[in-house]
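# Structural overview
Each chain is listed here by its residues.
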Amino acid sequence: MPDTVSNIGEVEFGSELPSFAPDTSTDNTKRFGKYVGWDSPRFTDHEGARKEGLPGAIVPGVLSQGFLGAMIHRWAPEAEIIAIDTVFRAPVLADTPHTITGTVTDIDEDEGTVEIDITITNEAGENRVFGTATAKLPT
Amino acid sequence: MILDLHTHSIKSDDGRAKVQNYCQWIRAKSVPIDGFVLTEHRQFDFESDYSELASKFGIAILKGAEVETEYGHVLVFGVNEGLYEEFDFSAIGLSLENVIEKCEKHGALAAPCHPGRPRVGMVAHLEEHGIPDGVRIVETMNGGSRGDEDAVAAKMAEDLGYLGIGGSDSHIVSHIGRCATRFPAVLATEGELVEALKAEEFEAISNKH
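The structure displayed is predicted, hence computed values, not measured ones.

## Overview of the overall build of chain A
Within chain A one finds four helices and four strands. Each helix and strand of chain A, ordered N terminal to C terminal, gives the series α-α-α-α-β-β-β-β. Overall size of chain A, expressed as C-alpha extent along the three principal axes, is 50 × 30 × 20 Å. The contacts in chain A between residues at least 6 apart in sequence include a share of 62% that link residues at least 24 apart. Carbon and sulfur atoms provide 47% of the accessible area of chain A, an area that totals close to 6600 Å². A gap of 15 Å separates the mean positions of the 10 positive and 23 negative side-chain charges of chain A.

## Topic: the nonpolar core
Trp 75, Val 114 and Leu 137 of chain A are the most contacted members of the largest nonpolar core, which has 29 residues in total. Elements that contribute at least two residues to this core include exactly α4 (61–75), β2 (98–108), β3 (113–122) and β4 (127–136) of chain A. Per element, the largest residue contribution to this core is six residues, and it comes from α4 of chain A. Those residues in contact with Val 114 of chain A that sit more than four places away from it in its chain are Ile 8, Val 11, Trp 75, Asp 106, Ile 107, Ala 133, Thr 134, Ala 135 and Leu 137 of chain A. Counting 24 residues, the second largest nonpolar core, distinct from the first, contains Val 76, Phe 87, Leu 96 and Cys 103 of chain B.

## Remarks on the confidence of the model for chain B
Of all residues in chain B, 100% have pLDDT values of 70 or greater, and the mean over the chain is 97. Taken over the whole predicted complex, pTM reads 0.94, whereas the ipTM for its chain interfaces reads 0.90.

## Points about helix α7 (residues 190–198) of chain B
Residue and element names in this part refer to chain B. Taken together, the buried positions of α7 are occupied by Leu 193, Val 194, Ala 196 and Leu 197. Buried residues of α7, seen end-on, are gathered within an arc of 165° and therefore sit on one face of the element. Phi turns positive, to about 60°, at Glu 200, one or two residues after α7.

## Remarks on the sheet that holds β4 of chain A
Residues and elements named next belong to chain A. Read across the sheet, four strands follow the order β1-β4-β3-β2 without closing on themselves; strand pairing throughout is antiparallel. Edge positions in the sheet fall to β1 (80–88) and β2, since each of these pairs with one other strand and no more. Neighbour to neighbour, the strand axes of the sheet diverge by 20° on average, direction disregarded. Taken together, the eight bridges between β1 and β4 define a ladder with antiparallel strand orientation. Residue pairing for β4: Asp 85 is matched across the bridge by Thr 132.

## A closer look at the sheet that holds strand β3 (residues 60–69) of chain B
Neighbouring strands of a sheet are bound in pairs by backbone hydrogen bonds; such pairs are parallel or else antiparallel. Residues and elements named next belong to chain B. Strand order in the open sheet formed by seven strands is β5-β4-β3-β2-β1-β8-β9, and the pairing between neighbours is mixed. Edge positions in the sheet fall to β5 (109–112) and β9 (203–206), since each has one partner strand and no second. Averaged over all pairs of adjacent strands, the angle between their axes in this sheet comes to 30°, without regard to strand direction. Bridging between strand β1 (residues 2–7) and strand β8 (residues 179–182) involves two bridges; their strand directions are antiparallel. Directly across from Leu 3, in β8, lies its bridge partner Thr 181. The sheet strands contacting helix α4 (residues 96–105) are β3, β4 (72–77) and β5, and the helix crosses β5 at an angle near 150°.

## Re the interface of chain B and chain A
Tallying the contact residues gives 16 residues for chain B and 21 residues for chain A. Around 1500 Å² of area is buried between chain B and chain A when both sides are counted, 52% of it from carbon and sulfur atoms. When the buried surface of chain B facing chain A is broken down by residue, Arg 16, Arg 146 and Ile 172 of chain B rank first, second and third, together holding 39% of it. Run the count over chain B and chain A and you get four salt bridges. Asp 106 of chain A is paired through a salt bridge with Lys 18 of chain B; the nearest N and O atoms lie 2.8 Å apart. Tallied by class, residues from the side of chain B that touches chain A come to four nonpolar, six polar and six charged.

## Digging into unusual backbone geometry
The phi angle at Arg 119 of chain B is positive, at roughly 70°, despite the residue not being glycine. Secondary-structure assignment places Arg 119 of chain B in the loop between β5 and α5 (123–129).

The rules we used
- Residues numbered from 1 in each chain as written.
- Chains lettered and ligands numbered in written order.
- Predicted model: local features only at pLDDT ≥ 70, side-chain atom pairs only at ≥ 80, totals over all residues.
- Heavy atoms only, no water.
- Helix = DSSP H or I, 4+ residues; strand = E, 2+ residues; numbered from the N terminus.
- Contact = heavy atoms within 4.5 Å.
- Areas by Shrake-Rupley, 256 points an atom, 1.4 Å probe, with all protein chains shown as cover.
- Lys, Arg positive; Asp, Glu negative; His and termini not counted.
- Charge placed at Lys NZ, Arg CZ, Asp CG, Glu CD.
- Core = buried A, V, L, I, M, F, W, Y, C linked by side-chain atoms within 4.5 Å.
- Buried < 20%, exposed > 50% of the residue type's maximum accessible area, 1.4 Å probe, protein only.
- pLDDT = per-residue confidence, 0-100.
- Arc of directions from axis to C-beta.
- Pairing = 2+ DSSP bridges.
- Axes fitted to C-alpha atoms, helices over the stretch in contact; angles between N-to-C directions.
- Buried area = accessible area lost by both parts, 1.4 Å probe.
- Salt bridge = Lys/Arg side-chain N within 4 Å of Asp/Glu carboxyl O.
- Nonpolar A, V, L, I, M, F, W, Y, C, P; charged D, E, K, R; others polar.

Next comes the structure, spelled out in structure tokens:
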């Protein structure tokens, strides 16, 4: 399985997308917050987040979804992401290592779409976020 | 025979897996299970017939439920129409002892799942509610457990003399089979599963890497 695919015919059931370690640093969450107009300490400051009852600063959910989308586009640069459907089981803590993974679990060659299991796991191997993405690839 | 006793499909509100894709995945990845039980949240799926899929892939596909009690979430095996009339499967805060009693009345079996999990697991509620009557089996290996949740579950099971089962608690295709339960015999129906659990001859296993 190549690291990238350009059309639906190259996709195999069960193949794994190249995983990567997302930038979960508070520098990055601050940068993200600046662009989207969020300045809540829960995303940018560990002490401030703890005052809100969180274990520390957390990565915003939409930023996590952005990481997942980036993985899909690195794998299939010409893909159109139709949906990213995530279940947030536990917070993705900022400044801690995580891994983004994706696995192809359904292929519709007629429609040119693939379904991908997506996860964000921490160093302990715990799934913090899971879900599925649907992407349309050239036929 | 090895069965994953705790799985969810798109029938559950937070499930994202199609049953056909579970079957494809098990075969494509040689997942070491012979079948699985669909335990959808707060419901029992009377409608779906997976017999063709089961036959096509040579995989046992059984159905159960996951209900919510004051002690957290509970797997129910052997659901039938009589049991379904006894309490509201969609409710949260059901009485665990009532669920167990009704299961016994209708030849079913209830087993608290992920008991070591905060809020939705049995251990978190023992101090408030005490030790419930009637529990014999709990899920001691859960594929979605974080931190020491399985260890907490195993400790409770040991302390209270419960037997342990395993299930992946999969909500996406690629997570099926991470934990399961080994039985000495082949089980083809929900009734046979209940009988095997009542016979207390099984072993929880983990395939987590």
